[in-house]
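So the chains spell out like this:
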Amino acid sequence: MRLLALETSCDETSVAVVQDGCVRASVVASQIQLHAEYGGVVPELATREHLRNLLPLANAALRQAGAVAQDLEAVAATRGPGLPSALLVGLRAAQALAFSLRRPFLGVHHHQAHLYSPWITGQPPRADFARFEPNVSLIVSGGHTLLVWVQGELQHRVLGSTVDDAAGECFDKTAKLMGLPYPGGPELDRLAEGGNPAAYAFPRPMLEQDHDDFSFSGLKTAVRYFLRDHPAVLEAEATRRDLCASVQAALVEVLVGKTLRAARRLGVRCVTASGGVTCNRALRRALAVACDQAGLTLRLAPPALCTDNAAMVGILAERKLARGAPRTPWDAEVEPNWDWADV
Ligand code: KG4
Ligand code: ZN
């Protein structure tokens with residue numbers, strides 16, 4: 001099946017062409033520069049950019065795949081969760097295209113799409129479903145922090161999520177307190193290399209608690225008070241690096257510790273991870289070491305597919321359609337707060 005997928009849930013406009021489990025084309029227009037000036041995503045600006053970029057990107061993706069619209073056998077888009085007006089751009093465009101081509105349309109759950117990006121490996125990127133096995137999946141980005149039990153293909157149960165800030169938000173807010181540019185996650189990652197992760201002690205929120213939820217706002221507050229009491233730390237390159245490494249170590253320890261504990265408890269043999277924060281090198285290394293020690297297989301989304309992209313939306317949509325999932329009605333609306341239980 002040849003399928004076009006659109007992703008516009010936040011600040012990346014992305015279009016992919018997927019065919020028989022293979023990503024034939026994948027284009028992403030990131031809006032990071034646009035929002036940097038405001039220190040966060042501005043929904044109106046994000047929506048305007050999606051409107052401006054979506055059709056040129058769709059044409060580029062079709063060209064890259066050597067296809068024309070009439071070749072498409074289905075169209076998919078992220079239906080939620082996400083920013084309402086941003087979602088609406090992709091959803092309506094996909095519905096209109098599918099309707100005019102008389103092809104099926106599928107609205108996809110954004111977090112579920114993230115679950116499948118660690119399986120898109122190889123060159124050209126293709127979904128490695130032949131090696132699929134039940135897993136515990138960590139989804140960490142600027143908007144979400146989730147632990148999911150993937151019991152089988154298309155069978156998921158959310159184990160826990162953040163009760164306040166997302167992990168990426170904590171990276172970004174800490175970086176902002178340090179005066180680093182937006183988005184702070186990658187910058188903090190860069191500075192942390194060469195820093196001492198044990199230089200300063202920060203809390204590991206909820207690490208020892210016997211549930212799968214996360215909380216990161218206390219860690220951000222701890223950094224705020226630390227900087228109030230030790231402002232000189234920001235003055236030297238070495239102590240700035242130590243601070244970055246110490247905060248990062250706290251975040252990584254919580255994310256890895258809770259993921260591994262859930263995997264052990266549920267008896268799965270595989271751990272997967274995706275979302276923008278999965279680009280973080282310390283997190284990738286720590287997950288690799290922990291899984292190796294525990295005898296678990298680790299599958300990390302390739303960095304290009306960690307952040308939001310339409311390839312993962314297309315791979316999931318094609319799989320769902322192949323398994324007989326019901327098509328999304330033509331009058332379906334966006335679902336900014338879509339609950340997994342209803343999917
Ligand atoms: O998945 P994503 O592109 O967008 C959503 O939020 O849905 O994730 C963006 C988040 C930002 O918070 C960014 O700071 C964080 O991922 N991030 C990182 C790194 N690269 C991106 N955080 C830590 N280390 C990185 N290398
Ligand atoms: Zn995402």
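Here, residues in each chain are numbered from 1, in the same order as that chain's written sequence. Labels follow written order: the first chain is A, the first ligand is 1, and so on. Only residues with pLDDT of 70 or above have their local features reported here, since the model is predicted, and side-chain atom pairs are shown and tallied only from 80 upward, although totals for entire chains, interfaces and linings are computed over all residues. Excluding hydrogens and water, the side-chain values take into account all heavy atoms of the structure.

**As for the sheet that holds strand E12 (residues 297-300)**
Okay, step 1: With respect to topology, 5 strands assemble into an open sheet ordered E10-E9-E8-E11-E12, the strand pairing being mixed. With one partner strand each, in any of the chains shown, strand E10 (155-161) and E12 form the two edges of the open sheet. Recorded for the sheet is a direction-independent mean angle of 20° between the axes of neighbouring strands.
Okay, step 2: Two elements, strand E11 (residues 270-274) and E12, share 4 bridges in a ladder whose sense is parallel. Within the sheet, the bridge partner assigned to Ala273 lies in E12 and is Leu300.
Okay, step 3: Here, two residues are considered to be in contact whenever any of their heavy atoms come within 4.5 Å of each other. The angle between two axes is taken between their N-to-C directions and runs from 0 to 180 degrees, where each axis is a line fitted to C-alpha atoms and a helix contributes only its stretch in contact. Under the scheme used here, helices are H or I runs from DSSP no shorter than 4 residues and strands are E runs no shorter than 2 residues, and both carry numbers assigned from the N terminus. This element, helix H8 (residues 237-266), spans strand E8 (135-140), strand E9 (145-152), E10 and E11 of the sheet and lies at about 160° to E8. When DSSP finds two or more bridges between a pair of strands, those strands are recorded as paired.

**Describing the packing of aromatic side chains**
Okay, step 1: The rule is short: rings of Phe, Tyr and Trp, with Trp giving its six-membered ring, pair when the centres are within 6.5 Å, and they are stacked under 30 degrees, edge-to-face over 60, tilted in between. Inspection of the entire model under this criterion finds 6 aromatic pairs.
Okay, step 2: Ring pairs connect the aromatic residues Tyr200, Phe202 and Phe226, which therefore count as one cluster.
Okay, step 3: The ring of Trp338 has Arg79 lying over it, and the distance from NZ or CZ to the ring centre is 5.2 Å.
Okay, step 4: Over the ring of Phe214 we find Lys258, and its NZ or CZ is 5.9 Å from the ring centre. For a Lys NZ or an Arg CZ to count as sitting over a ring, it must be within 6 Å of the ring centre and within 35 degrees of the ring normal.

**Description of the domain arrangement of the protein**
Okay, step 1: What marks off one domain from the next here is an automatic or database domain assignment. For the protein, the assigned domains are domain 1 (2-125 + 305-342) and domain 2 (133-301).
Okay, step 2: Distance between the C-alpha centres of domain 1 and domain 2: 27 Å.
Okay, step 3: Counting residues at the interface gives 25 residues for domain 1 and 27 residues for domain 2.
Okay, step 4: Of the roughly 2100 Å² buried between domain 1 and domain 2 on both sides combined, carbon and sulfur atoms contribute 68%. Two parts placed together each lose some accessible area; with a 1.4 Å probe, that loss summed over both constitutes the buried area.

**What to know about the pairing of strand E5 (residues 105-109)**
Okay, step 1: Any residue under 20% of the maximum accessible area for its type is buried, any over 50% is exposed, and the rest in between are partly exposed; the area is computed with a 1.4 Å probe on protein chains only. The buried fraction of E5 amounts to 5 of the 5 residues, a majority that puts the element mostly inside the structure.
Okay, step 2: Residues Phe105, Gly107 and His109 point to one face of E5 and Leu106 and Val108 to the other, with burial holding for every one of them.
Okay, step 3: Bridge count for strand E4 (residues 74-80) against E5 is 5 bridges, and the pairing is parallel. From the neighbouring strand, Ala77 faces E5, where its bridge partner is Gly107.
Okay, step 4: A crossover gets the label right-handed when its path from the first strand over the helix to the second runs clockwise, viewed with the strands pointing away from the viewer. At this point the chain moves from E4, through helix H3 (residues 84-101), to the parallel E5, and the crossover so formed is right-handed.

**Brief notes about the coordination of the zinc ion (ligand 2)**
Okay, step 1: Note: metal donors comprise N, O and S atoms at 2.8 Å or less from the metal (3.2 Å for Na, K and Ca); water molecules are not included, so apparent gaps in a site are possible. Listed as protein donors to the zinc ion (ligand 2) are His110 (NE2), His114 (NE2), His144 (NE2) and Asp308 (OD); their distances from the metal cover 2.1 to 2.6 Å.
Okay, step 2: Metal-centred angles of 91 to 164° between the 4 donor atoms at the zinc ion (ligand 2) mark the site as irregular.
Okay, step 3: Read from N- to C-terminus, the donor residues coordinating the zinc ion (ligand 2) fall into the pattern H-x3-H-x29-H-x163-D. One end of the pair, His114, is in helix H4 (residues 110-116); the other, His144, is in the loop between E8 and E9, and 30 residues separate them in sequence.
Okay, step 4: Residue His144 is classed as buried on the basis of its relative accessible area, which comes to 13%. Any site counts as irregular unless it has four donors with all angles between 85 and 135 degrees, making it tetrahedral, or four or six donors with opposite ones more than 155 degrees apart and the rest between 65 and 115, making it square planar or octahedral.

**A few points about H8**
Okay, step 1: Helix span is expected to be 1.5 Å times the residue number reduced by one. Here H8 spans 43 Å end to end across 30 residues, near enough to the 44 Å set by a 1.5 Å rise per residue.
Okay, step 2: Just downstream of H8, Gly267 is the residue with a positive phi angle, here 75°.

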